[in-house]
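Tertiary structure, described
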Amino acid sequence: MEKRILTGRNGEADIEVTFEEIDFIGAADKNALLTQVSDMKFIKAKKEAVVTAWPAKLGEKVITRPGIIIDGKEYSFDETEITVAQKDIDNKCMLVRNPDGEVYMVKGEKFAKLYEKVDDTTYKTVGDAKSFVTTTRDICFKASWGEMQYSPKGSKLCVSENGDIYSITNMAFQTTYKEVEQETFDEDEAEL
């Protein structure tokens, strides 16, 4: 169990949330684990947001602070904090700001696959639709790239074709994704 303070936006009081730690990476049966923490109603959605992005600068501090909507009220929380290192510069990492204000770092090679340049600082997303389920509990877990992800109840879990799972808060999902088709699977039909 891990506690986080969710900071109220628009004058809302802060709240404390306890996240249950889940091990998706080491799970022998990811479907069984997903059944415990999500609604198992798979939807397909595609990231369609236009984002702002810029090259990471050595020594720059990056705090990923996603927004979340709980009972109609907006909150945010500190998910990760990193300082840009030389290896990040060598990997041509880019800092990306989503429409909801969340900032995160993406390696240059991955960035080139996910985004297409519109102008000097604006990029549109590219790529296929992905499968998502909605969390039914407050959970946290280590993503395949090694960072902890915090998924408050109502967030989306992206379940990729190779079995990787990562979290997108409901606010980020609403401002950056569009549902393209809806399919409901039972746990035996979902392929992880």
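In this report, the structure presented in the accompanying data block is examined. This is a predicted model, so every value here is computed, not measured.

Before going further, it helps to examine helix H1 (residues 30-37). Given 3.6 residues to a turn, an α-helix orients residues that are three or four positions apart in the same direction. Turning to H1, its buried residues number three or more, namely Lys30, Asn31, Leu33, Leu34 and Val37. With its buried residues spanning 160° around the axis, H1 presents them on a single face. Buried residues along H1 sit in contact with strand E13 (130-134), strand E14 (139-142), strand E16 (156-159) and strand E17 (165-168). One side-chain oxygen of the residue at the start of H1 lies 3.2 Å from the amide nitrogen of Asn31, identifying that residue as Asp29.

Moving on: the nonpolar core. Ile22, Phe24, Leu34, Ile139, Phe141, Leu157 and Ile165 are the most contacted members of the largest nonpolar core, which has 13 residues in total. Mapped by element, the contributors of at least two residues to this core are H1, E14 and E16. Tallying contributions element by element places H1 first for this core, with 3 residues. Val51, Tyr104, Phe111 and Tyr123 belong to the second-largest nonpolar core, a separate cluster that totals 10 residues.

A few words now on the sheet that holds strand E1 (residues 2-8). If you walk across this open sheet you meet the 6 strands as E6-E7-E1-E2-E14-E15, and the pairing is mixed. Single-partner strands in this sheet number two, and they are strand E6 (67-70) and strand E15 (148-151). Taking each pair of neighbouring strands and ignoring which way they run, the sheet shows an average axis angle of 40°. Bridge count for E1 against strand E7 (residues 73-76) is 2 bridges, and the pairing is antiparallel. Residue pairing for E7: Gly8 is matched across the bridge by Tyr75.

Right, let's get into the sheet that holds strand E4 (residues 50-55). With respect to topology, 5 strands assemble into an open sheet ordered E10-E9-E4-E12-E11, the strand pairing being antiparallel. In this open sheet, the two strands that pair with only one neighbour each are strand E10 (103-106) and strand E11 (115-117). Taking each pair of neighbouring strands and ignoring which way they run, the sheet shows an average axis angle of 40°. Pairing between E4 and strand E9 (residues 94-97): 4 bridges, direction antiparallel. Note on E9: the bridge partner recorded for Pro55 is Met94.

Relative to the helices and strands, Ala45 is located in strand E3 (residues 43-47). The sequence separation of Ala45 and Cys158 amounts to 113 residues, and the corresponding C-alpha distance is 9.5 Å. Once residues lying within four places of it in the same chain are set aside, the contact partners of Ala45 are Ala129, Lys130, Phe132, Phe173, Tyr177, Lys178, Glu179 and Val180.

The rules behind each value
- Residues numbered from 1 in each chain as written.
- Predicted model: local features only at pLDDT ≥ 70, side-chain atom pairs only at ≥ 80, totals over all residues.
- Heavy atoms only, no water.
- Buried < 20%, exposed > 50% of the residue type's maximum accessible area, 1.4 Å probe, protein only.
- Helix = DSSP H or I, 4+ residues; strand = E, 2+ residues; numbered from the N terminus.
- Arc of directions from axis to C-beta.
- Contact = heavy atoms within 4.5 Å.
- Polar contact = N/O pair within 3.5 Å; in protein donor to acceptor, adjacent residues only side chain to side chain.
- Core = buried A, V, L, I, M, F, W, Y, C linked by side-chain atoms within 4.5 Å.
- Pairing = 2+ DSSP bridges.
- Axes fitted to C-alpha atoms, helices over the stretch in contact; angles between N-to-C directions.

Any link to function would need more than the numbers given here.
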